[in-house]
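Letter by letter, the chains look like this.
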Amino acid sequence: MVDDSNWWREAVVYQVYVPSFADSDGDGIGDLRGIESKLDHVAALGVDAIWLTPFYPSPWADAGYDVSDYRDVDPRHGTLDDLRALLASAHQRGIRVIVDIVPNHCSDQHPWFQEALAAAPGTPARDRFIFRDGRGPDGSLPPADWRSKFGGGAWTRVADGQWYMHIFAAEQPDLNWDNPEVRADFEDTLRFWLDLGVDGFRVDVAHGLRKDLVEPLRDTHGLDTAPLNAPPEGGDHPFWDRDEVHEIYRSWRKIIDEYQPPRATVAEAGVSLSRLPRYIRPDELHQAFNFFYLRCAWDADSFRDVIDASLAGATSVGATTTWVLSNHDVIRHRSRYGLPAGTDTVAWLLSGGTSPEVDEPAARRRARAAALLTLALPGSAYVYQGEELGLPEVADLPLDRLRDPMWERTGHASKGRDGCRVPLPWTSDGPSFGFGPGGSWLPQPPDWGRYAAQAQQGVADSFLELYRAAIRLRRSFRGDERFAWLPVADESRVLAFRKGAGLVCVVNFADHPVALPPGEVLLTSDPLVDGQLPGDTAAWLRG
Ligand code: NOJ
């Protein structure tokens, strides 16, 4: 049964990508006041919580995931008072607020890293990071072959000849979680935000904090390069998904559990499906993002397998699973589902979204059907800002406007993630389509206004009204997490299941209509045809 004491179990959490949600002051970058001004939109969607991506002081080498002060607000996003006001307004509307915590690395401008650079090798200031001498007679080779997720090596050399480690950009030095001072400082940071009234945390790179630092450092021989690829099962990769990482979350959980009303945490952990439940054991984090679901091709068998495995994994530790279709790191699913299976999406982005062309009608129908599938499943659903407007990926951003560090670090072999981060359109026209009174840090396409919230408000077949109706209806089926597949004639093309006692969801992946089971039809992603469910369509029934 879901109640206030375990509100996250079946919550709908709306991801606010702070730089791109709403801008109150016209500098082209989203801010906390902008978010507060749009809370009615969020409330009308009916979500339980919002997740705010980082708004902390940051030089923006990675759009805020390079934090230089963990306990303040960057002036470009507002002030701590703005955050207090946002929390109060959200709570008044019954919306909880979780914030991002970025413990794996900080900014190279963080006072600790500046201190480390000024200090000598072997000093306590250097021990907060991972500094090592290089290999080779003159130490000019990196200490290990570790690769950065953003391209290039994971080690950068400093003036005195030592190297420091960074899984991401060079401006994001990894912290040393073997160091008690690092641990204590993050515990203070958790308390700082909890005391301020946040309802929980999204934990960035939760699987990366502990490294095997026993000398000599072990090479990975390329096992660390593929983005989002899960590291090997054994827990013995030099820096991904090491068993020791769990002890950190056990100590965090003790802190979280001191607070009332209950707070919740969600892990961003790129690990295998079989290792993911370890992060959400009863004394660790509450939930973990489901990237396996996100990566499913538009195909009934793939979804069935991932749903089964996800439910089994979460249930085995008494947690609920999450369902995620999009976020600020991946190509928006509205576009993904319109590409042929197996498309190389890096190459597709490099082609400006032209090769291959997105099948627009299919993409639209599938994104709508996916919304009903996702919102019917037991567990919690994470909705990325703009998916409720049916936003596509902006694949043709001008190259000189790209901000993602991947673009430069890969030597222009990957455009990175800016195409899913373009500021939201709120109005059909006007400056930055209502995003703010000025421009927008990433250019919006000229036709962005047709996706505007204003243009969809009250329009029966719009994405916005579909999401609103589904999230409203979902509430009445909450509190019963049971799940059962229902028999269908064509299992390889149709999914049908019952959630709880009364919600039946049927999704037709075929290109022809199929019959629906008996029951009152509550909602469909597109109209039925002669009482049948057309291809790329989902229906909810009472039954
Ligand atoms: C995951 C975040 O979602 C992504 O945006 C960021 O670049 C990396 N972690 C590094 O913090």
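Look up: the structure comes first, before these words.
Because the structure is a prediction, the values reported are computed rather than measured. (Residues numbered from 1 in each chain as written. Predicted model: local features only at pLDDT ≥ 70, side-chain atom pairs only at ≥ 80, totals over all residues. Heavy atoms only, no water.)

Enquirer: I keep staring at helix α9 (residues 300–316) and nothing clicks. Help me out?
Expert: A turn of α-helix holds 3.6 residues, and therefore any two residues three or four places apart point the same way. For α9, with 17 residues, the first-to-last C-alpha span of 24 Å sits near the 24 Å given by 1.5 Å per residue. Within α9, burial applies to Ala300, Phe303, Arg304, Val306, Ile307, Ser310, Leu311, Gly313 and Ala314. Summarising the contacts, the buried residues of α9 are in contact with α8 (291–294), β10 (322–324), α12 (360–376), β12 (483–485) and β13 (494–499). Among the residues trailing α9, Gly318 stands out with phi positive, at a value near 80 degrees. (Helix = DSSP H or I, 4+ residues; strand = E, 2+ residues; numbered from the N terminus. Expected span 1.5 Å × (residues − 1). Buried < 20%, exposed > 50% of the residue type's maximum accessible area, 1.4 Å probe, protein only. Contact = heavy atoms within 4.5 Å.)

Enquirer: What am I meant to see in the pairing of strand β1 (residues 12–16) here?
Expert: Looking along a regular strand, one sees side chains alternate from face to face of the sheet. Summarising burial for β1: five of the five residues are buried, a large majority. The alternating pattern of β1 places Val12, Tyr14 and Val16 on one face and Val13 and Gln15 on the opposite face, and all of these are buried. Of the strand pairs in this sheet, β1 and strand β11 (residues 380–384) are connected by four bridges, and their pairing is parallel. Bridging from a neighbouring strand, Tyr14 pairs with Val383 of β11. Sheet analysis places β1 next to strand β2 (residues 49–52), joined by four bridges and oriented parallel. The partner of Val16 across the bridge, within β2, is Leu52. (Pairing = 2+ DSSP bridges.)

Enquirer: Can you walk me through the site of the ligand in this structure?
Expert: In the vicinity of the ligand, 13 residues are found, and the nearest of them are Asp62, Arg202, Asp204, His328 and Asp329. Measuring from an oxygen atom of the ligand, one finds a side-chain N or O atom of His105 at 3.0 Å. Relative to its free-state accessible area of 300 Å², the ligand is covered by the protein chains to the extent of 97%. (Near = heavy atom within 4 Å. Polar contact = N/O pair within 3.5 Å; in protein donor to acceptor, adjacent residues only side chain to side chain. Areas by Shrake-Rupley, 256 points an atom, 1.4 Å probe, with all protein chains shown as cover.)

Enquirer: Explain unusual backbone geometry here, please?
Expert: Apart from glycine, the bulk of residues carry a negative phi angle, and the bulk of peptide bonds sit in the trans form. The peptide bond linking Glu215 to Pro216 adopts the cis configuration, its omega dihedral lying at -5 degrees. Counting through the fold element by element, Pro216 comes out in the loop between β7 (200–203) and α7 (245–256). The residue after Gln260, namely Pro261, is reached through a cis peptide bond having omega -10 degrees. With respect to the helices and strands, the residue Pro261 is situated in the loop between α7 and β8 (264–267). Here Trp60, not a glycine, exhibits a phi torsion of approximately 65 degrees, which is positive. With respect to the element layout, Trp60 can be found in the loop between β2 and α3 (80–92). Despite not being glycine, Ser432 shows a phi value in the positive range, around 40 degrees. Among the structural elements, Ser432 can be located in the loop between α13 (405–409) and α14 (453–456).

Enquirer: I keep staring at the packing of aromatic side chains and nothing clicks. Help me out?
Expert: When we look at a pair of aromatic rings, we describe it by the centre distance and by the angle of the planes. Per the stated rule, a full pass over the model turns up 34 aromatic pairs. When the ring of Phe113 is compared with that of Tyr164, the centres are 4.8 Å apart and the planes differ by 70 degrees; the resulting orientation is edge-to-face. Remark: Tyr164 occurs in strand β6 (residues 163–165) and Phe113 occurs in helix α4 (residues 111–118); sequence separation between them is 51 residues. Residue Phe113 shares its accessibility class with Tyr164, and that shared class is buried. Consider the rings of Trp485 and Phe497, whose centres lie 5.9 Å apart with planes at 90 degrees: the pair is edge-to-face. You can see Trp485 sitting in strand β12 and its partner Phe497 sitting in strand β13, a full twelve residues away along the chain. Since its relative accessible area comes to 26%, Trp485 is described here as partly exposed. Connected via pairs of aromatic rings, a cluster forms that spans Tyr70, Trp177, Phe186, Tyr249, Trp252 and Tyr279. (Phe/Tyr/Trp six-rings, centres within 6.5 Å; stacked < 30°, edge-to-face > 60°.)

Enquirer: So what exactly am I meant to see when it comes to the sheet that holds β2 here?
Expert: Backbone hydrogen bonds hold the strands of a sheet together, and the pairing may be parallel or antiparallel. What the eight strands build is an open sheet, ordered β9-β8-β7-β3-β2-β1-β11-β10; its pairing is parallel. The sheet is open, and its two borders are formed by β9 (287–288) and β10, each paired with just one other strand. Inspection of the sheet shows β8 paired to β9 by two bridges, in the parallel sense. In the strand pairing of β9, Ala267 is matched with Ala288. Each of β2 and β3 (96–101) is contacted by α3, which is oriented at about 140 degrees to β3, the strand it contacts most. (Axes fitted to C-alpha atoms, helices over the stretch in contact; angles between N-to-C directions.)

Enquirer: I tried to follow the pattern of salt bridges on my own but got confused; where do I start?
Expert: Think of it this way: side chains of opposite charge can pair up when their charged atoms draw near. For the coordinates displayed, the defined rule picks out 49 salt bridges. Measuring nitrogen to oxygen at the nearest pair gives 2.7 Å for the salt bridge that ties Asp160 to Arg126. Placement of the pair is Asp160 in the loop between β5 (155–157) and β6 and Arg126 in helix α5 (residues 124–127), with a sequence separation of 34 residues. Of the residues examined, Asp160 reaches a relative accessible area of 40% and is grouped as partly exposed. Residue Arg126 is classed as buried on the basis of its relative accessible area, which comes to 3%. Across the pair Asp490 and Arg493 runs a salt bridge whose closest N-O atoms are separated by 3.2 Å. Looking at Asp490, the relative accessible area reads 22%, which means it is partly exposed. (Salt bridge = Lys/Arg side-chain N within 4 Å of Asp/Glu carboxyl O.)

Enquirer: Any chance you could explain the pairing of β13 here in plain terms?
Expert: Summarising burial for β13: five of the six residues are buried, a large majority. With three bridges joining them, β12 and β13 adopt antiparallel strand pairing. Residue pairing in the sheet places Ala484 in a bridge with Arg498 of β13. Here β13 runs beside strand β14 (residues 503–508); their pairing, made up of six bridges, is antiparallel. Bridging from a neighbouring strand, Ala496 pairs with Val506 of β14. Counting the residues that bridge the hairpin from β13 to β14 gives three residues, and of these Gly500 lies at a positive phi of roughly 65 degrees.

Enquirer: How should the sheet that holds β12 be read in this particular structure?
Expert: Judged by pairing direction, the sheet is antiparallel, and its five strands sit side by side in the order β12-β13-β14-β16-β15 without closing on themselves. Edge strands, defined here as strands with exactly one partner in the open sheet, are β12 and β15 (520–524). Across this sheet, the average inter-strand angle for adjacent strands is 25 degrees, counted without regard to direction. Pairing geometry for β14 and strand β16 (residues 537–542), over six bridges, is antiparallel. When the bridges of β16 are listed, Leu503 appears paired with Arg542. With respect to the sheet, α12 is in contact with β13, β14, β15 and β16, its orientation differing from that of β16 by roughly 35 degrees.

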